[in-house]
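Report on the structure
As a plain string of letters, each chain reads:
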Amino acid sequence: LQYLFLGGNKLSGTIPPIIGKLSRLVQLSLDEGSLTGSIDGWLGDLKNLQYLRLRKKYLSGPIPPVIGNLKGLLMLYLGNNKFDGPIPQNLGNLQTLQKLDLSYNNLQGNIPPEVGNLKQLLNIHLSANMLSGEIPYSFGQCIALADIQMDQNVLTGSIPAYFGNFNSLSVLNLSHNSLSGTIPTNLGDLSFLDELDLS
């Protein structure tokens, strides 16, 4: 079995650990429904996974560090759950990752500097968590980014000037944080920027 799509159903209970035995899985989608509990105990065994979609559920606990074992992952969607704790540092191992959605959870702590290793990243959605600290300098290495949404957190410090180097950037939403300082003037040079919210 390489593809398992069960999204849009009214599934409940926990995700059984036996799913980790499906070691050839390339795509796993369990969107929506009432599934609860942790994703630890099985996630790290799916080493061929390229696409993981577990949005709009009641999944909880920390995002397990074993997620760094999924080195072929292209798309990771964990938004609209109840995950807490920090963003794991070894998320930076996922150097093929193109789309990352951790929005609308209860994640805390800093955005790890290892996110700068994700040089293929096109979209990053971290909205509506409790992330704090400054946007890391290393994030400036993710120059392919087109969609950045980090609104509704408690981020501090200044808006990095390196955002003006992201030539494909079309969406930048940093609203409802505690950022300070001046707005980088080079944001005005971004020809593809359609949505800018710094309120």
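Look up a bit, the structure's there.
Below, the structure is looked at part by part.

Cut-offs applied
- Residues numbered from 1 in each chain as written.
- Predicted model: local features only at pLDDT ≥ 70, side-chain atom pairs only at ≥ 80, totals over all residues.
- Heavy atoms only, no water.
- Helix = DSSP H or I, 4+ residues; strand = E, 2+ residues; numbered from the N terminus.
- Rg over C-alpha atoms; globule rule 2.2 N^0.38 Å.
- Contact = heavy atoms within 4.5 Å.
- Areas by Shrake-Rupley, 256 points an atom, 1.4 Å probe, with all protein chains shown as cover.
- Lys, Arg positive; Asp, Glu negative; His and termini not counted.
- Charge placed at Lys NZ, Arg CZ, Asp CG, Glu CD.
- Buried < 20%, exposed > 50% of the residue type's maximum accessible area, 1.4 Å probe, protein only.
- Pairing = 2+ DSSP bridges.
- Axes fitted to C-alpha atoms, helices over the stretch in contact; angles between N-to-C directions.
- 1 Å grid on protein atoms, 1.4 Å probe; cavity = no way out; pocket = protein on both sides within 12 Å on 5 of 7 lines; lining within 4 Å.
- Points joined across faces, edges and corners; volume = space filled by probe spheres on them.
- Nonpolar A, V, L, I, M, F, W, Y, C, P; charged D, E, K, R; others polar.

Along its length, the chain carries zero helices and 16 strands. In terms of overall dimensions, the chain is globule-like: its C-alpha atoms have a radius of gyration of 17 Å, near the 16 Å expected for 199 residues. By its C-alpha atoms, the chain is 50 × 25 × 25 Å across when sized along the principal axes. Restricting to contacts in the chain with at least 6 residues of sequence separation, those with at least 24 account for 45%. Element-wise, carbon and sulfur atoms account for 50% of the exposed surface of the chain, whose accessible area totals about 9200 Å². Here the chain holds 12 positive side-chain charges and 14 negative ones, and the gap between their average locations is 14 Å.

The alternating pattern of strand 4 (residues 34-37) places Leu-35 and Gly-37 on a buried face, while none of Ser-34 and Thr-36, on the opposite face, is buried. Alignment of strand 2 (residues 12-14) against strand 4, held across three bridges, turns out to be parallel. Each bridged residue has a counterpart across the sheet, and for Thr-14 the counterpart in strand 4 is Thr-36. As paired strands, strand 4 and strand 6 (residues 58-62) are joined by two bridges and run parallel to one another. By the bridge assignment, Thr-36 is partnered in strand 6 with Tyr-58.

Moving on, we come to the sheet that holds strand 2. What the seven strands build is an open sheet, ordered 2-4-6-8-10-12-14; its pairing is parallel. The open sheet has two edge strands, strand 2 and strand 14 (154-155), and neither has a second partner.

The nine strands lie next to each other as 1-3-5-7-9-11-13-15-16, forming an open sheet whose pairing is parallel. Where the open sheet ends on each side, the last strands, each with one partner, are strand 1 (3-5) and strand 16 (195-197). The mean inter-strand angle of the sheet, taken between neighbouring strand axes irrespective of direction, is 10 degrees. Here strand 5 (residues 51-53) runs beside strand 7 (residues 75-77); their pairing, made up of three bridges, is parallel. Bridging across to strand 7, Leu-52 finds its partner in Leu-76.

For the rest of this paragraph, the subject is empty space enclosed by the protein. On inspection of all chains with the given rule, the structure shows one cavity of 30 Å³ or more. Quantified by volume, the largest cavity comes out at close to 60 Å³. Lining the largest cavity we find Ile-87, Pro-88, Leu-91, Leu-100, Ile-111, Pro-112, Val-115, Ile-124 and Leu-126. Residues of the lining of the largest cavity, tallied by class, amount to nine nonpolar, no polar and no charged.

The values are spatial; any link to function lies outside them.
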